[in-house]
Amino acid sequence: MVPAAPAGPGLDAALLDSKLSVPGRRPGLVTRAALADTAWDTEAATVGVTAPAGYGKSTLLIERAHVERRKVGWISLDAIDDHPSTLLFLLASAFERAVPGQSGLAAGISGMGAATLRCGAPRLAAAFRQAPAPFVLLIDDLHEVTSSDCHHVLGDVLSALPPGCQVVTASRHEQPHLARLRVAGGVVELAARDLTLDAAAAVRIFATAGVAIDLRRAHEVVERTEGWPAGLQLAALVAGEEEDGAPGVTGTDRYVSDYLEREVFRRLEPDEQRFLRRTAVLDELHGPLCGVVLGEPDTQDRLRNLEAASAFLVPLDRRREWYRCHTLFREFLLGELRRHEPALIEKLHLRAADWFESHDAPAAAVEHLLATHEQRRCTELVTELVQSEYGSGHASTVQRWMKTLGDSAIEAYPPLAVLAGWVAAWEGGTVEALRWAAVADDAFDSLARTDRRASFAASRSVLRAMMCAGGHEQMVADAELATGDEEWGAWRPSALCVLAEARLLAGEPARAEMLFEDASRVGLAMGDSVPVALSESGLALIAMDDGRWDEASAHVELALNTIEQHHLNDCAISLMPCAVAARLAVHRGDLTQADLQIARGMRVRSASTFVFPCLATRGRLQLARACWTRGDHEGARVLLREIDDVLRRRPGLGTLVGEIAAFREMTTSATPGAAPRGAALTPAELRVLPYLQTHLRIADIAQRLHVSRNTVATEVSAVYRKLGVTSRGEAVSQATLLGLLGG
């Protein structure tokens, strides 16, 4: 048995023994062996573990102490140890226990009296350097030691560690002694992000609590708790008391709030508590922002100090200018705010909204205005943002804003009703789209002339044109009205795009092409991704129909890049880019890419309904052509049946109706099974295909392609067979219908 060291300053023998003894392992805890091995298998002389309460720092050190092969010394610190002479005595005592032959070192240092700091630290450092065997000192709860003299002593001693030895410190607060040691190297630092637990660990924690959860739900609770070990333990307790064993947990649950209040909040100064409670209305914390919200001077230093104190603040940048609260801690703080200062909440949100608007962050301002009674201001701001937010792939955000505002607020502001119909149509919400369009029409008829009349007229006209309820001629009239004034702002790219589509329906591809080019150019300049994606798809389609495949390729690439960059892949908007990309890939003989784009188009087509009939029919027609060429005749016929459903509701689609009829006739007359899947034209056969439109003979084609006559003859025969035709004219007609040749 290791004899107890003599008591030091203010410490009796029993207390000292408890502070220097390695605690036992607690049953049921998730092992951190892998993490311990990762940190301790390095040659670093110093390991610093810094994280808020409940991250398993002590568990990590205890587990390592029980498996460490080197000599181990342990120190558990308390507030009474916050004096450099006491800390020095504890370091010497732990070293005595760990390394044989050091008896009397701690007593000697303790007996130095006033000279302890001047002579004790060098003496202990010298003892470290002369240690006969490698050792590890594990120091837990270093946050209890706050004086700068203590951290200077610690830094002086740790800098003397000989090779093969380590000192490991665990703290809730930033560890000042590490700053000096970092420069010399040999320091491993573990933070909260390194101590988080994963879904597999969550399953084990819940199992220990008698609650069975699958991996999916485990992932959910890990995301909710951000992998905070104590949070997972508390979530398991909460789930154990729920009838369905659901693993949901919030910062206001009794177990969680009690823990956070006792272990974190209560330990803060009253002004720090007030700061965190009031700034909990903010998703992200920034000194100037917090200062405005609280009505105080710049509070950046306070944020930095709270981070150093591990008050569950997570830095969001390397400059430590922006932070956020841990999810559960923020919920706890909001609960405290509602309990102690409910009348202040709206004022805090309004101050935040003002700051964000003044700093060109209107979307963040909306989030705060939604929590206030300033509904009109919020409604107008949402109206300004819907198109850009939706076009950036934030459809769920837009829908949440509208749901929070409520139908009555939208009905009271017609410009937003138009946008509600526009969003609903893109998301496949047929009933909602028609309803909001009717609200906009009623408002247009009764609305008094105001400064917003022109803008509202433009947006309503664009929506009416896209819906094409009155046929393509009315679509042209509505679209021309929407493009009549360049000052109508945000709707101009969409207005140009829909006018181009109307001209295409009217059989004017040249005019449509110019309008699509204008729409794409203006949309790119304004950052409006929706008309860019649709216009580039329209330009690609016109170019392919005209046989300009290289030009079409550039338009397809921009359309696909636009929907990818703005996360629109799963929206109805992506139907046309996918469809034209599929047609281009078939033409090139890139069957893998063709099948990929067909699959994507088929997936998103359900959101494209008769409400926007041009997109719904033209996109499906291009997909059907690609499917037919790939041998998927049933897929093509399914798409034709869906097109028929659209045409029953929107029959006035101009030239598009004739294109659909021609393709349907071709599919009806085709011999079943004539083109099995996989029998698409090869690149060599596609290379021959355009020459079938000319007067050139087989020999002439061979000469142009620098191949033999027999090769060309074989490829032409294969083209006839795969297209199910017997002559050049039939081959050209069939290939044109399928989109393999321009019209």
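Residues numbered from 1 in each chain as written. Predicted model: local features only at pLDDT ≥ 70, side-chain atom pairs only at ≥ 80, totals over all residues. Heavy atoms only, no water.

Draft legend 1. Local environment of the packing of aromatic side chains. Summed over all chains, the structure comprises 17 aromatic pairs. On the numbers, 5.4 Å between centres and 40 degrees between planes, the contact of F312 with F329 is tilted. Of this pair, F312 sits in the loop between α16 (300-308) and β7 (313-315) while F329 sits in helix α17 (residues 327-340), placing them 17 residues apart in sequence. Considering the side-chain rings of W628 and F663, the 6.4 Å spacing of their centres and the 80 degrees angle between planes classify their relative orientation as edge-to-face. In this pair, W628 sits in helix α33 (residues 613-629) while F663 sits in helix α35 (residues 655-669), placing the two residues 35 residues apart along the sequence. The pair W628 / F663 is uniform in exposure class, with both members buried. Through a chain of ring-to-ring contacts, three or more aromatic side chains come together here, namely Y55, W228, Y259, F265, F312, F329 and F332. Its end group placed over the ring of W436, R435 keeps NZ or CZ at 4.4 Å from the ring centre. (Phe/Tyr/Trp six-rings, centres within 6.5 Å; stacked < 30°, edge-to-face > 60°. Helix = DSSP H or I, 4+ residues; strand = E, 2+ residues; numbered from the N terminus. Buried < 20%, exposed > 50% of the residue type's maximum accessible area, 1.4 Å probe, protein only. Lys NZ or Arg CZ within 6 Å of the ring centre and 35° of its normal.)

Draft legend 2. Highlighting the nonpolar core. With 212 residues, the main nonpolar core has Y390, W422 and W426 as its most contacted residues. Here the element with the most residues in this core is helix α23 (residues 414-426); it accounts for 10 residues. Apart from the residues lying within four places of it in its own chain, the contact partners of Y390 are A395, V398, W422, V423, W426, E427, V530, L568, C571 and I573. Listed in part, the 36 residues of the second largest apolar core include L20, L87, A94 and V167. (Core = buried A, V, L, I, M, F, W, Y, C linked by side-chain atoms within 4.5 Å. Contact = heavy atoms within 4.5 Å.)

Draft legend 3. Here's a closer look at the sheet that holds β7. Read across the open sheet, the 3 strands follow the order β6-β8-β7; overall the sheet is antiparallel. Only two strands of the sheet have a single partner each, and these edge strands are β6 (285-286) and β7. One ladder, built from 2 bridges, connects β6 with strand β8 (residues 322-325); its direction is antiparallel. Bridge assignment links H286 to a residue of β8, and that residue is W322. (Pairing = 2+ DSSP bridges.)

Draft legend 4. Structural detail: the sheet that holds strand β3 (residues 135-140). Read from one edge to the other, the open sheet built from 5 strands follows the order β2-β3-β4-β1-β5, with strand pairing classed as parallel. Either end of the sheet is taken by a strand with one partner, and the two such strands are β2 (71-76) and β5 (187-190). If you compare each strand with its neighbour and ignore which way they point, the axes differ by 15 degrees on average. The pairing of strand β1 (residues 46-50) with β5 spans 4 bridges and is parallel. (Axes fitted to C-alpha atoms, helices over the stretch in contact; angles between N-to-C directions.)

Draft legend 5. Spatial organisation of the pairing of β8. Residue alternation in β8 divides its side chains into a buried set, Y323 and C325, and an unburied set, W322 and R324. Two strands pair when backbone bridges link them, and β7 and β8 are joined in this way by 3 bridges, in the antiparallel orientation. From the neighbouring strand, V314 faces β8, where its bridge partner is R324. The hairpin formed by β7 and β8 contains 6 residues between the paired strands, and R320 there has a positive phi angle of roughly 55 degrees.

Draft legend 6. Region of interest: the packing of helix α26 (residues 471-482) against helix α27 (residues 492-505). Two elements in contact, α26 and α27, have axes separated by 9 Å at closest approach and are oriented at 150 degrees. With respect to their mutual orientation, α26 and α27 come out roughly antiparallel. Between α26 and α27 lies a crossing of left-handed hand. Residues H472, M475, V476, A479, E480 and A482 of α26 form the contact with α27, whose own contacting residues are A495, V498, L499, E501, A502, R503 and L505. (Parallel < 35°, antiparallel > 145°, perpendicular 65-115°, else oblique. Left-handed = near helix turned anticlockwise from the far one by under 90°.)

Draft legend 7. Representation of the environment of A512 in the model. Within the secondary structure layout, A512 lies in helix α28 (residues 509-526). A relative accessible area of 0% places A512 in the buried class. Measuring from C-alpha to C-alpha, the distance between A512 and A200 comes to 57 Å, with 312 residues separating the pair along the chain. Contacts of A512, omitting those with residues within four sequence positions, involve A500, R503, L504 and I542.

Draft legend 8. View of the pairing of strand β4 (residues 166-171). The element β4 is extensively covered by neighbouring structure, given that 6 of its 6 residues are classed as buried. Judged by which residues are buried, β4 turns out to be covered on both faces: Q166, V168 and A170 on one side and V167, T169 and S171 on the other are all buried. As paired elements, β1 and β4 share 5 bridges and run parallel to each other. In the sheet register, T46 faces β4, and the bridge partner there is V167. Across 4 bridges, β3 lies against β4 in parallel orientation. Paired with I139 across the strands is T169, a residue of β4. Once the chain exits β3 it traverses helix α7 (residues 148-158) before rejoining the sheet at β4, and the crossover so formed is right-handed. (Right-handed = clockwise from strand over helix to strand, strands pointing away.)

Draft legend 9. Just the packing of helix α13 (residues 254-263) against α17, in detail. At a closest axis distance of 10 Å, the pairing of α13 and α17 adopts a crossing angle of 90 degrees. The angle between the axes of α13 and α17 places the two elements in the roughly perpendicular class. Contacts from V256, S257, L260 and E261 in α13 reach L328, F329 and F332 in α17. Of the residues assigned to the contact of α13 with α17, the class counts are 5 nonpolar, 1 polar and 1 charged. (Nonpolar A, V, L, I, M, F, W, Y, C, P; charged D, E, K, R; others polar.)

Draft legend 10. Representation of helix α37 (residues 698-705). Listed in full, the buried residues belonging to α37 are I698, I701, A702 and L705. The buried residues of α37 all sit within an arc of 100 degrees when viewed along its axis, so they share a single face. Every exposed residue of α37 that faces more than 90 degrees away from the buried side is listed here: Q703 and R704. (Arc of directions from axis to C-beta.)

Draft legend 11. Just the pattern of salt bridges, in detail. Tallied over the entire structure, the rule returns 50 salt bridges. Where K19 meets D81, a salt bridge forms, and the shortest distance between an N and an O atom there is 2.5 Å. Here the residue K19 occupies a position in helix α1 (residues 13-20), and D81 occupies one in the loop between β2 and α4 (84-98), the gap between them amounting to 62 residues. Neither residue differs from the other here; K19 and D81 are each classed as buried. Its salt-bridge partner being R697, residue D700 comes within 3.3 Å of it at the nearest N-O pair. Relative accessible area serves as the criterion here: at 22%, D700 is assigned to the partly exposed category. Given a relative accessible area of 58%, R697 falls into the exposed group. Where salt bridges share partners, they join R172, R262, E263 and R267 into one cluster. (Salt bridge = Lys/Arg side-chain N within 4 Å of Asp/Glu carboxyl O.)

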